[in-house]
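The residues making up each chain are set out below.
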There are 2 protein chains.
Amino acid sequence: MSRQSTDKRVAVFAANGLEEIEGLTVVDLLFRAGIPVDTVSITPERTVTSSHQVTITCDRSIEDEGFSFDEYDMLVLPGGIPGAPNLKACKPLTAAVKAFDQAGKGVAAICAAPSILAELGVLTNRPATANPGFQHVLVENGAILSQVPVVVDGNVITSKGMATAIPFALEIVRHFLGDAAVEDLKPGIVLEG
Amino acid sequence: MSRQSTDKRVAVFAANGLEEIEGLTVVDLLFRAGIPVDTVSITPERTVTSSHQVTITCDRSIEDEGFSFDEYDMLVLPGGIPGAPNLKACKPLTAAVKAFDQAGKGVAAICAAPSILAELGVLTNRPATANPGFQHVLVENGAILSQVPVVVDGNVITSKGMATAIPFALEIVRHFLGDAAVEDLKPGIVLEG
């Protein structure tokens with residue numbers, strides 16, 4: 001990180017089978033924006049393998065001595081199969097997601113992962129989106145389904161998939177730093193139009 | 001890879017300081033398309049750290065016993081600082097890039113990395129693009145500078161930066177498998193419009 005722009009901190013959770021671009025695009029753009037971000041493995045091992053056989057070593061594991069969700073201001077859940085089902089099966093993570101939402105703290109999910117939020121009751125009566133293959137789970141759990149690439153509803157950000165990872169990550173930047181910080185990022189990544 | 005769709009093989013080179021999204025978007029989309037792809041470290045260590053402090057363990061190193069560029073049909077150079085300068089300083093890699101181009105085999109580069117091709121003489125009198133901060137190197141070396149997100153000129157594919165990584169990777173898929181394979185990928189990544 002060239003210069004830190006906030007005292008807020010974001011955790012991107014990584015399970016085996018995560019969609020690596022969905023997770024790492026958030027890391028990339030938050031790093032560029034100066035927002036502290038950690039990759040956090042949900043297994044005791046810090047090294048995870050993505051759904052496309054990419055091996056990534058995370059900054060931390062939720063099973064590390066002294067790890068606490070309370071160190072973070074937003075929890076980010078990438079998709080991927082079986083990455084998203086693995087996140088869903090992680091009880092400490094799903095409990096934290098629910099507690100974060102109840103406290104009005106940030107929760108963001110993309111692709112298959114918004115279905116985890118839906119099943120936790122986080123999206124009930126709220127606008128949200130997900131990968132088309134998982135949108136029925138949102139509807140079944142009372143979400144107001146949207147077809148835009150990214151939906152921001154207060155503390156909750158949801159998005160559709162790998163090809164919407166950049167707009168998803170930019171909304172996370174906007175959440176913490178506002179519009180000007182998002183505009184500042186665009187030339188460096190050559191995001192035009 | 002769910003099913004292999006070609007006997008061609010692609011190498012994505014990784015140096016310390018690589019732009020991880022530019023490299024891994026190629027891995028992700030080729031994996032989805034069934035095109036065999038290896039991440040290849042240019043250091044003796046297979047583990048590299050990206051320009052945004054993401055730690056990735058590659059499939060191979062160019063210094064591995066028995067490694068040969070001849071196993072590949074396309075060499076892919078991601079950008080990133082100091083990733084791209086590190087690739088440029090790797091003599092076995094730059095010699096292979098030049099030889100590949102002379103043999104009409106595939107070479108692809110994005111962001112800062114097309115400047116490496118330009119300095120090797122690969123882009124002389126050819127249409128190409130790069131990150132705006134590196135386009136002067138293309139012009140100085142006789143390239144025909146284009147401002148579109150991706151330029152395909154026969155065996156050579158060049159692109160602008162992190163936010164053009166998906167169209168860049170899709171042109172690599174098109175190079176090997178044609179238009180239908182590219183269209184087949186779009187729903188899975190939720191690439192609309």
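Basis of the calculations
- Throughout this document, residue positions are counted from 1 along each chain, in the order its sequence is written.
- Key to labels: chains lettered from A, ligands numbered from 1, both in the order written.
- Where totals are concerned, whole chains, interfaces and linings use all residues; where local detail is concerned, this predicted model gives features only for residues with pLDDT of at least 70, and gives and counts side-chain atom pairs only at 80 or more.
- Each side-chain value is worked out from all heavy atoms of the structure, with water and hydrogens disregarded.
- Between N-to-C directions, angles cover 0 to 180 degrees, with each direction set by a line fitted to C-alpha atoms, over the stretch in contact for helices.
- Runs of E in the DSSP output that reach at least two residues are strands. Runs of H or I that reach at least four are helices, and both are numbered from the N terminus.
- Angular relationships are summarised with four words: roughly parallel below 35 degrees, roughly antiparallel beyond 145, roughly perpendicular across 65 to 115, and oblique for the angles in between.
- A clockwise turn of the near helix away from the far one marks a right-handed crossing, whereas an anticlockwise turn of less than a right angle marks a left-handed crossing.
- Only heavy atoms enter the contact rule, under which two residues are in contact if any of them lie within 4.5 Å.
- A helix is expected to reach a length of 1.5 Å times the quantity of its residues less one.
- Buried, partly exposed and exposed residues are distinguished by accessible area as a fraction of the type maximum, computed with a 1.4 Å probe on protein chains only: under 20%, between the cut-offs, and over 50%, respectively.
- The arc in question is the one spanned by the directions pointing from the helix axis to the C-beta atoms.
- Residue types Ala, Val, Leu, Ile, Met, Phe, Trp, Tyr and Cys, when buried and joined through side-chain atoms within 4.5 Å, form a set referred to as a nonpolar core.
- Here, a strand pair is defined by DSSP locating no fewer than two bridges between the strands.
- Criterion for a salt bridge: a side-chain nitrogen of Lys or Arg within 4 Å of a carboxyl oxygen of Asp or Glu.
- Think of a 1 Å grid over the protein atoms and nothing else: a 1.4 Å probe that fits but is trapped marks a cavity, an open set flanked by protein within 12 Å on at least five of seven lines marks a pocket, and residues with an atom within 4 Å of a point count as lining.
- Grid points are joined across faces, edges and corners, and a volume is the space filled by probe spheres set on the points.
- Each residue is assigned to one of three groups, with Ala, Val, Leu, Ile, Met, Phe, Trp, Tyr, Cys and Pro labelled nonpolar, Asp, Glu, Lys and Arg labelled charged, and all others, Gly among them, labelled polar.
- Once two parts are brought into contact, the accessible area they lose, counted with a 1.4 Å probe and summed over both, makes up the buried area.
- We define a polar contact as two N or O atoms separated by no more than 3.5 Å, with the added condition that, inside protein, one atom must be a possible hydrogen donor and the other a possible acceptor, whereas residues neighbouring each other in sequence contribute only through side-chain atom pairs.

Draft legend 1. Layout of the packing of helix H1 (residues 20-33) of chain B against helix H7 (residues 179-189) of chain B. Residue and element names in this part refer to chain B. Axis separation between H1 and H7 bottoms out at 10 Å; the angle between their running directions is 115°. Between H1 and H7, the interaxial angle falls into the category roughly perpendicular. Classified by chirality, the crossing of H7 by H1 is right-handed. Contact residues: Leu 29, Arg 32 and Ala 33 in H1; Leu 185, Gly 188 and Ile 189 in H7.

Draft legend 2. Representation of helix H3 (residues 91-102) of chain A in the model. Residues and elements named next belong to chain A. With twelve residues, H3 extends 17 Å from end C-alpha to end C-alpha; this agrees with the ideal 16 Å at 1.5 Å per step. Listing the buried residues of H3 in full gives Leu 93, Thr 94, Ala 96, Val 97, Phe 100 and Asp 101. Viewed end-on, H3 has its buried residues packed into an arc of 160°, placing them on one side of the element. Pointing more than 90 degrees away from the buried face of H3 are the exposed residues Lys 91 and Gln 102.

Draft legend 3. Molecular detail of the nonpolar core. Grouped together as the largest cluster of nonpolar side chains are 76 residues, with contacts concentrated most on Val76(A), Phe168(A), Ile172(A), Val76(B), Phe168(B) and Ile172(B). In this view, Ile172(A) contacts Val26(A), Leu30(A), Met74(A), Val76(A), Ala108(A) and Ile157(A); residues no more than four positions away in its chain are not counted.

Draft legend 4. A look at the sheet that holds strand E3 (residues 47-49) of chain A. Pairing in this open sheet of four strands is antiparallel, and the strands run E3(A)-E4(A)-E4(B)-E3(B) from one edge to the other. The strands lining the two open edges of the sheet, one partner per strand, are E3 of chain A together with strand E3 (47-49) of chain B. Strand-to-strand twist in this sheet, taken as the mean axis angle between neighbours without regard to direction, amounts to 30°. One ladder, built from three bridges, connects E3(A) with strand E4 (residues 55-57) of chain A; its direction is antiparallel. What sits directly across from Thr49(A), in E4(A), is Thr55(A).

Draft legend 5. Local environment of the pattern of salt bridges. A complete count under the given rule lists 22 salt bridges over all chains for this structure. Where Asp179(A) meets Arg174(A), a salt bridge forms, and the shortest distance between an N and an O atom there is 3.0 Å. What you see here is one network of salt bridges that share partners, running through Glu19(A), Asp28(B) and Arg32(B).

Draft legend 6. Quick look at the layout of surface pockets. Size it by volume and the largest pocket reaches roughly 300 Å³. Residue lining of the largest pocket: 20 residues in total, with Ala163(A), Thr164(A), Ile166(A), Pro167(A) and Ile166(B) positioned closest to the centre. Those elements giving two or more residues to the lining of the largest pocket turn out to be helix H1 (20-33) and helix H6 (165-177) of chain A together with H1 and helix H6 (165-177) of chain B. A breakdown of the residues in the lining of the largest pocket according to their chemical character gives 16 nonpolar, three polar and one charged. For the lining of the second largest pocket, the per-class residue count stands at four nonpolar, five polar and two charged.

Draft legend 7. Spotlight on the interface of chain A and chain B. Of the residues lining the interface, 31 residues belong to chain A; the matching set on chain B comes to 31 residues. Counting the surface lost from both chain A and chain B, the interface buries some 2500 Å², and carbon and sulfur atoms represent 64% of this. When residues of chain A are sorted by the area they lose upon contact with chain B, His52(A), Met162(A) and Val190(A) head the list and together hold 22% of the total. Linking chain A with chain B are four salt bridges, by the criterion used here. One salt bridge in this structure joins Arg32(A) and Glu19(B), with 2.8 Å as the shortest N-O distance. Across the contact surface, chain A and chain B share ten residue pairs in polar contact (both at pLDDT 80 or more). Elements with a minimum of two residues in the side of chain A that touches chain B: H1, E4 and helix H7 (179-189) of chain A. Split into classes, the residues belonging to the side of chain A that touches chain B amount to 14 nonpolar, ten polar and seven charged.

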